[in-house]
Every structure is written in C-alpha cells, then in structure tokens.
Amino acid sequence: FFGGPALLTPPSASFPPLQHRDPDLSRVAALLATPTKGPIPVDFYVFLGQDANENAVAPQASTNIGGTDAEIGFYTLCKSECPTSVVERGGGVSTPLMRFCECIAKLMVEDLSTDFGALLEPELGEPSPFFELGSYTEVDAGQDLFKITNGHG
C-alpha cells in the first residue's frame with residue numbers, strides 16, 4: 001500500500017497467490033467477485049511529530065491533489081474537517097496548508113475500493129465496496145517516525 005508518515009496496514013485476508021505470467025485479469029475478477037463477510041478494513045496509523053513551531057501534529061497533506069473544476073480532491077472535500085492554515089511564503093505569496101486527517105483516510109479507502117472494483121468485468125454488476133476505513137489512530141511516538149527520509153522507512 002502506501003509508505004511514509006501515514007501507513008496503511010495490509011488486510012489480513014488470505015488469497016491464493018496470483019500467477020505473475022497470467023496476462024488476463026479473470027483470476028483477479030473471480031477472487032474479487034467471491035462473496036466475503038463484508039469489506040476488508042484498512043487501518044491507518046498516523047505518526048505525529050514536530051513541524052516548524054507545532055508539536056504533536058499530523059504530517060502535511062498535499063493540497064495539490066484535486067479534480068476537475070476543484071470539485072473533488074483532498075483539499076476541496078476535507079478543508080472543513082482537517083486542520084488547515086495559510087502559510088506566508090514571502091513577496092505577497094501565500095499557500096494553504098492542510099494536515100492529514102481521518103477525512104483524507106476515508107477518501108483514500110474509497111479510491112482503493114474504486115480501483116479494485118474497476119478490475120471486475122462489467123457483466124458482474126456493480127460491486128460492493130471491497131475496503132472500508134477500519135481504525136484511524138494518531139500516534140505520538142517521537143520525531144524518528146514522523147520525519148522519514150524521502151517518505152520511506
């Protein structure tokens with residue numbers, strides 16, 4: 001899944017290994033179409049840390065991730081729920097800053113479900129969500145886990 005300060009734990013579901021040489025997605029579609037006991041929960045552990053003059057804050061989220069006409073995207077959909085501020089860059093230039101929050105986690109899980117749903121063949125009908133937001137936990141475990149070089153551990 002994703003790395004960096006906001007980590008997703010992999011689902012505990014057990015699927016048979018896929019053949020890497022199988023060029024079609026029929027086996028993947030069959031696995032995804034198999035009835036389960038509901039969506040697979042995706043847990044987020046967000047490591048808090050010091051950023052500039054702020055302590056115990058979540059990492060910054062990208063405000064550049066947006067859709068057409070600024071109707072979708074993290075900032076547009078989450079700015080009323082996530083901590084936001086405006087940063088003065090000098091020369092009369094300012095930019096919005098937004099912290100990672102549960103709203104972004106929900107959008108990421110929705111996107112993950114949409115992506116996996118796209119693997120199904122159209123004749124199988126509209127799939128139910130494959131993933132759901134499990135737990136969202138903010139962890140203050142020190143600066144070492146907050147500021148990870150190049151976003152990787």
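Look up: the structure comes first, before these words.
## Concerning the nonpolar core
Item 1. In this structure, Phe-44, Phe-100 and Ile-104 are the most contacted members of the largest nonpolar core, which totals 23 residues.
Item 2. Contributing elements (two or more residues each) for this core: strand S2 (40-47), helix H2 (74-78), helix H3 (102-117) and strand S8 (131-139).
Item 3. Top contributing element to this core by residue count: H3, with seven residues.

## Quick look at the side chain of Ser-113
Item 1. Mapped onto the secondary structure, Ser-113 falls in helix H3.
Item 2. For Ser-113, a relative accessible area of 12% corresponds to the buried category.
Item 3. One polar contact links the side chain of Ser-113 to the main-chain amide nitrogen of Phe-130, over a distance of 3.4 Å.
Item 4. Leaving out residues up to four positions away in the same chain, Ser-113 has contacts with Pro-129, Phe-130 and Phe-131.

## Side note on the packing of aromatic side chains
Item 1. Considering all chains together, one arrives at two aromatic pairs under this definition.
Item 2. Relative to Phe-100, the ring of Phe-44 lies with its centre 6.0 Å away and its plane at 35°, an arrangement referred to as tilted. Residue Phe-44 is located in strand S2, and its partner Phe-100 is located in the loop between strand S7 (93-99) and H3; the two are separated by 56 residues in the primary sequence. Each member of the pair Phe-44 and Phe-100 is classed as buried.
Item 3. Between Phe-116 and Phe-131, the aromatic rings sit 5.1 Å apart at their centres with planes inclined by 70°, giving edge-to-face as the arrangement. With a gap of 15 residues between them, Phe-116 in helix H3 and Phe-131 in strand S8 connect regions that are remote in the sequence.
Item 4. Take Phe-116: its relative accessible area is 29%, and that puts it in the partly exposed class.
Item 5. Residue classification places Phe-131 among the buried residues on the basis of a relative accessible area of 8%.

## Regarding the sheet that holds S7
Item 1. Strand order in the open sheet made by the three strands is S5-S7-S6, with antiparallel pairing throughout. Across the chains shown, the open sheet's two edge strands, defined by having one partner strand only, are strand S5 (60-61) and strand S6 (84-90).
Item 2. In the sheet, S6 pairs with S7 via six bridges, with the strands oriented antiparallel. Bridged to Val-87 within S7 is Thr-95.

Analysis parameters
- Residues numbered from 1 in each chain as written.
- Predicted model: local features only at pLDDT ≥ 70, side-chain atom pairs only at ≥ 80, totals over all residues.
- Heavy atoms only, no water.
- Core = buried A, V, L, I, M, F, W, Y, C linked by side-chain atoms within 4.5 Å.
- Buried < 20%, exposed > 50% of the residue type's maximum accessible area, 1.4 Å probe, protein only.
- Helix = DSSP H or I, 4+ residues; strand = E, 2+ residues; numbered from the N terminus.
- Polar contact = N/O pair within 3.5 Å; in protein donor to acceptor, adjacent residues only side chain to side chain.
- Contact = heavy atoms within 4.5 Å.
- Phe/Tyr/Trp six-rings, centres within 6.5 Å; stacked < 30°, edge-to-face > 60°.
- Pairing = 2+ DSSP bridges.

In short, the description is geometric, and any link to function would need to be established separately.
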